[in-house]
Amino acid sequence: QVQLVESGGGSVQAGGSLRLSCAASGYTLSGNCMGWFRQAPGKEREGVATIATDGIRTYAESVKGRFTIAQDNVKNTLYLHMNSLKPEDSAMYYCAARSTSCNGGWWTLEKWSYDYWGQGTQVTVSS
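Note that this is a predicted model, so its numbers are computed, not measured. (Residues numbered from 1 in each chain as written. Predicted model: local features only at pLDDT ≥ 70, side-chain atom pairs only at ≥ 80, totals over all residues. Heavy atoms only, no water.)

1. A look at unusual backbone geometry
Not every positive phi belongs to a glycine, and N76 is a case in point at roughly 55°. The residue N76 is located in the loop between β7 (67–72) and β8 (77–82) in this model. Its identity as a non-glycine residue notwithstanding, S84 has a phi of 50°, on the positive side. Residue position: S84 is located in the loop between β8 and β9 (91–97). For S84, a relative accessible area of 40% corresponds to the partly exposed category. (Helix = DSSP H or I, 4+ residues; strand = E, 2+ residues; numbered from the N terminus. Buried < 20%, exposed > 50% of the residue type's maximum accessible area, 1.4 Å probe, protein only.)

What follows is the structure, encoded as structure tokens:
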């Protein structure tokens, strides 16, 4: 049974930083395809950052240069390093994993690409 457990969310002021973690069990990060998504109240869930089997990282335009996705295959954990946070980054952040491998590309930011989801961790950025 695949379980994805996010942590690291919280409340920060604009310009601050957070690091989100996603610990996976029943699933091996190495060789697979994972991503971070977010959903603000009243909005659709959107892709933030993904890492494909071929190592290609894809970022939403709104977070490029500020967020970095990384994975630790020993700890079997996915990370999202978030810097220069803005109030519009406030949302519930979800970790997602695909049941099959994938090559990188913009399509990896689509939520339908993923089979497993965590419960989310809340990020709130105040101005």
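Here the narrative resumes, following the displayed structure.
2. A closer look at the nonpolar core
Core analysis: the biggest nonpolar cluster contains 28 residues, and M34, W36, L78, L80, M82 and Y93 have the highest contact counts within it. Secondary-structure elements contributing two or more residues to this core are β3 (18–25), β4 (34–39), β5 (46–51), β7, β8, β9 and β11 (121–126). Beyond its immediate sequence surroundings of up to four residues, L80 is in contact with L18, R19, L20, W36, V48, A49, F67, T68, I69 and Y93. Counting residues in hydrophobic clusters, the runner-up holds six residues, among them C33, A52, A96 and C102. (Core = buried A, V, L, I, M, F, W, Y, C linked by side-chain atoms within 4.5 Å. Contact = heavy atoms within 4.5 Å.)

Purely geometric stuff here, so don't read any function into it on its own.
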